[in-house]
Amino acid sequence: IANDNTNKERLAALHRELSEQKRIEEDIIHNNQLLNSRVKALISEQFGPTDYVLTRYYDFSANKEDASQLVRIFKDQLRDLMSAKKGAKIDSILNELYNGIMERLSSGSFKLSRKELNVFRFLLSGLSVKSVGTMMECSKDSIYKTRDRALEKIRTADRDLYDSTCNALKDR
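S.K.: So what about the pattern of salt bridges? Which residues, and what values?
M.R.: Considering all chains together, one arrives at nine salt bridges under this definition. Across the pair Arg23 and Asp27 runs a salt bridge whose closest N-O atoms are separated by 2.6 Å. Of this pair, Arg23 and Asp27 both sit in helix H1 (residues 2–60), four residues apart, which is roughly one turn of the helix. The exposure class of Arg23 is partly exposed, given its relative accessible area of 39%. A residue is classified by how much of its surface remains accessible, and Asp27, at 35% relative accessible area, is partly exposed. A salt bridge links Glu116 to Arg149; the shortest N-O distance between them is 3.2 Å. Remark: Arg149 occurs in helix H7 (residues 140–157) and Glu116 occurs in helix H5 (residues 114–124); sequence separation between them is 33 residues. The class for Arg149 is partly exposed, based on a relative accessible area of 42%. Connected through salt bridges with shared partners, the residues Glu20, Arg23 and Asp27 form a single ionic network.

S.K.: Requested: an account of the side chain of Asn95, with residues and values cited.
M.R.: The residue Asn95 is located in helix H3 (residues 84–97) in this model. A polar side-chain atom of Asn95 sits 3.2 Å from the main-chain amide nitrogen of Ile101. If sequence neighbours within four positions are ignored, Asn95 has contacts with Gly100, Ile101, Met102 and Glu103.

Conventions used here
Residues numbered from 1 in each chain as written. Predicted model: local features only at pLDDT ≥ 70, side-chain atom pairs only at ≥ 80, totals over all residues. Heavy atoms only, no water. Salt bridge = Lys/Arg side-chain N within 4 Å of Asp/Glu carboxyl O. Helix = DSSP H or I, 4+ residues; strand = E, 2+ residues; numbered from the N terminus. Buried < 20%, exposed > 50% of the residue type's maximum accessible area, 1.4 Å probe, protein only. Polar contact = N/O pair within 3.5 Å; in protein donor to acceptor, adjacent residues only side chain to side chain. Contact = heavy atoms within 4.5 Å.

As structure tokens, this is what we get:
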């Protein structure tokens, strides 16, 4: 009987430990979800207005004066956005959100060009292809081709990173 009670006590203790472990795992998942939503909100807050105006550039492109005025207004802001300092800040946020994605993409093993890295940086940040094209002064088709060329480089070298990158791009 004493042995049976000891086994019941051990079983109850094990059950409590498993319940506590499950609660901790749920807390971790919840905290990660909160962190991801906060980072996404920061990215949206940072780029939302710029994305809206850059997308409107095409609406104004029939009127060359309005279009050139929009470009002048945002040229300095965009130059700042594409600077190394600002790029590092954006990369830091993206690395936190997507498990070091920009660090991995920036590694020399893929030989991604600066343009390819900027395309990923801005697309992962949630900017539209139109906006990225406007920022980088090239067409939407050029952005798609740049993205696809870079994804092919990644796919041949690191299938796991390729899948992560594709999923992150879908997420945005």
